[in-house]
Amino acid sequence: SPQATSCSDCSAGKFSYSTRASKCLDCEVGKYSAIPGAPNCLLCEKGKFGSMSGLKECTSCPSIGFADGLGFISCKFCQMNTISDPTRTSCYTQPGFYEDPFLKQSLKIPKGVNTTISGLTLHTLPLLPGYWRTNSNSTEILPCISKSHCKGGSDPNHYCLEGHEGPLCATCKDGYASVGSSESLNCSLCTGSAKTTVIVGLISMAFFLFLILIWKLTTNKESGIEKLESELEQAKSTVTKAAARFKLERLMGKIEVIGKISFSYFQVVGKLGFLFGMSFPPVFSQFTSFFSTIVSLDVVSLVPMGCLVKSTHYTVLLSFTVIPMSIAAITLWYCFRLWRRTDEKSTYLRNRISGLLLAMTFIILPSVSIKIFATFVCRDFDDSTSFLKIDYTLSCLSSSHVSYIFYSTIMIVVFPFGIPGLYLFLLFKNRRLLDGNQRKKEIRWGKEKSLKEALKEREENEEKNKSLKGLSFLYGEYQPKYWWFELFETTKKLCMTGFMVFLAPGTSAQVAISLMMAIFSLFVYSLTKPFSKNFNNYLAIVAHWQLVLTLFATLALRVNLDEANLQNEPVFDYLLTGFQFIPALLLFFFSLLMAKRKRNREESGRTEEQQVAKKSTVIPIVDGQNGDIELGEIDEGKGIENEKEDSKREASETEVGSQKKEKKDSGSSEERVKMKGEKEDGGIESDQYLDKDDELLRKEITLHKEEIN
């Protein structure tokens, strides 16, 4: 000014364009002047803003804002679930959220991703072990079939464990071969030792199956009397051997029923992971998968077969359908040739082969049905790919898949519908011979006696119609009035395995439907008690309770209402696995208790005359109800049953005595045989002595034929 004698610098926050200026100017908004006498103002730095004029310095953006440029008069706000970085120049997501560049927003991290890291984007999502996604742009985080196969991480090229690759890390790389199936599948490195294992395993399995076939074809299950009569042509010492053999055959018969019930259980439980598309706890999964592989005759999967020849679901499907059909065709052709012969040996062999054929259909039907239906079940991914759920190496979009769909449609008619249809035809055609008029007899005699009489009548029908024995695998252990029950059991298994893949797959409703089927089957078994032996009924009912409770546990895993990860709970895993053994242990102790009670009952019911008898003949006789050999006791002097039997025995002994006297006079010596007899259910503990020759034994058998059955 004219009156000013000197000039002074502009204060901070102001500036002057010229040294001759009469006044200082305030810095504009978005600018600042930090030192006095500044010739101009500076723009606010990144991360700061200036909302007023005349600022000495700019203000830093708050934690929810940022300034990614210069001269900001206000900060930009961060999106929801994000905060600004320490420099306040950008925002990043909070822990538990990630930024989607396509949607331009922050989203909550899905299950299977590490939630402790902040600043995540869609491309850098760190997956937890046990999870997989198609690529770095995918928002679909999927649990792996086996959690041990997936390492996790943020690099899609390194999600899988060494040797594994493909969708869900469920396929093997070149140079590796799969061992096991479903959740228990692992990729084994193909080395020289692995190939040797395959060859030795295949040879061992073939030899084992060959031995079973030879044993089945050569074991004679003729009636006890017929077997004993042939043994009497040999030395007397063979009588004991015959009795032991028949006891063994009776034991094998019991094992056959227990085997069928156990097979049926594991044929269902072993496939639950695949059917429901879920993972079970590791110990339970390995346990059920192993037994499922055995009962399904899929033992080839236990060795690294891929080291010798590459196989897929298509090759397995062909082998599991073509081989049984070929065996059945050859078997039927051979049986047709035997059908023209009427001799006893041909009839016996025809029945044996028929029984083996029916046993084969029983074993393979559930597993083959699952493989057939699995051809229709694909899994779609968010990268527009689709793979078979049972084999992720096979694309459902290929032309070859259409061909196998057509082939599987034909096989549905042959196996899931054809085999039950065959059962129905064979059983319904012979229903009058199998029924034994048991229901009519129950009105007259009650259940216990009518069952014995019906079994006796069925056995008589088998003697008249020899070919009927070839179907005994389907009805042999059931009560005559329940000749149809094997058809019910087969239908139940098909509904709970093969057909289940189409019913609300991958949902809780699918598990609930299976649970209702199991409860209904349990109700039918409890109501009918179809087996002729109570032990078998108890075993079947306990197995169904076990199935129902296992499905309850499966439903708990699927629903997971309280968000508890039961799959990783060792206590739950061990309890679920250990529960599979509890019914077997209970039945074992129950059978011991029942056997002891029966022994005590029989011992207390013996007459004083039987207990003081010092000399009696012990020969194998046939149990009337079961057709099994026991070491029965026959008095030399008195009858045991009634006066009619007494008179028959006395007449026989008179005749045999005269024969013995003649033999004695001619110089033949008597043979004294000492046998320690013991009835199957608990019998004579004192030594029994045989003082009869072969002819006497033959007479005694003749007299006891009326007691048989």
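Look above for the structure.
Just so it is clear, the model here is predicted, and its values are computed rather than measured. (Residues numbered from 1 in each chain as written. Predicted model: local features only at pLDDT ≥ 70, side-chain atom pairs only at ≥ 80, totals over all residues. Heavy atoms only, no water.)

Caption draft 1: Up close: the packing of helix α7 (residues 344–374) against helix α14 (residues 485–496). The N-to-C vectors of α7 and α14 enclose an angle of 25°; their axes lie 10 Å apart at closest approach. By the criterion of interaxial angle, the relationship of α7 to α14 is roughly parallel. Where α7 crosses over α14, the two elements pack in a sense that is right-handed. Counting all contacts with α7, which are made through Phe362, Leu365, Pro366 and Ser369, the residues of α14 involved are Glu486, Thr490, Lys493 and Leu494. The residue inventory of the contact of α7 with α14, partitioned by class, reads four nonpolar, two polar and two charged. (Axes fitted to C-alpha atoms, helices over the stretch in contact; angles between N-to-C directions. Helix = DSSP H or I, 4+ residues; strand = E, 2+ residues; numbered from the N terminus. Parallel < 35°, antiparallel > 145°, perpendicular 65-115°, else oblique. Left-handed = near helix turned anticlockwise from the far one by under 90°. Contact = heavy atoms within 4.5 Å. Nonpolar A, V, L, I, M, F, W, Y, C, P; charged D, E, K, R; others polar.)

Caption draft 2: Highlighting the environment of Met594. As for its position among the elements, Met594 is in helix α18 (residues 582–605). Taking the C-alpha atoms as reference points, Met594 and Phe535, 59 residues apart in sequence, are found 9.4 Å from one another.

Caption draft 3: Region of interest: the pairing of strand β11 (residues 97–100). Note: β11 against strand β12 (residues 105–108), four bridges, orientation antiparallel. Directly across from Glu99, in β12, lies its bridge partner Ser106. Once β11 ends, the chain turns through four residues before running back antiparallel as β12, passing Lys104 with a positive phi of about 60°. As judged from the two bridges shared by β11 and strand β13 (residues 120–121), these two strands associate in the parallel manner. When the sheet's bridge partners are listed, Glu99 is paired in β13 with Thr121. (Pairing = 2+ DSSP bridges.)

Caption draft 4: Inspection of unusual backbone geometry at higher detail. At Asn81, a residue that is not glycine, the phi angle is positive and equals roughly 70°. Summarising the element assignment, Asn81 is placed in the loop between β8 (76–77) and β9 (82–84). Given a relative accessible area of 22%, Asn81 falls into the partly exposed group. We note that Arg88 has phi near 60°; this positive angle belongs to a residue other than glycine. Note on placement: Arg88 falls in the loop between β9 and β10 (91–93). (Buried < 20%, exposed > 50% of the residue type's maximum accessible area, 1.4 Å probe, protein only.)

Caption draft 5: Molecular detail of the packing of helix α5 (residues 282–295) against helix α17 (residues 570–578). It is the contact of α5 with α17, at a shortest axis distance of 7 Å, that shows an interaxial angle of 25°. One element, α5, and the other, α17, form an angle in the roughly parallel class. Facing Pro282, Val283, Phe284 and Phe287 of α5, the residues of α17 in contact are Asp573, Tyr574, Leu576 and Thr577. Residues belonging to the contact of α5 with α17 are distributed by class as follows: six nonpolar, one polar and one charged.

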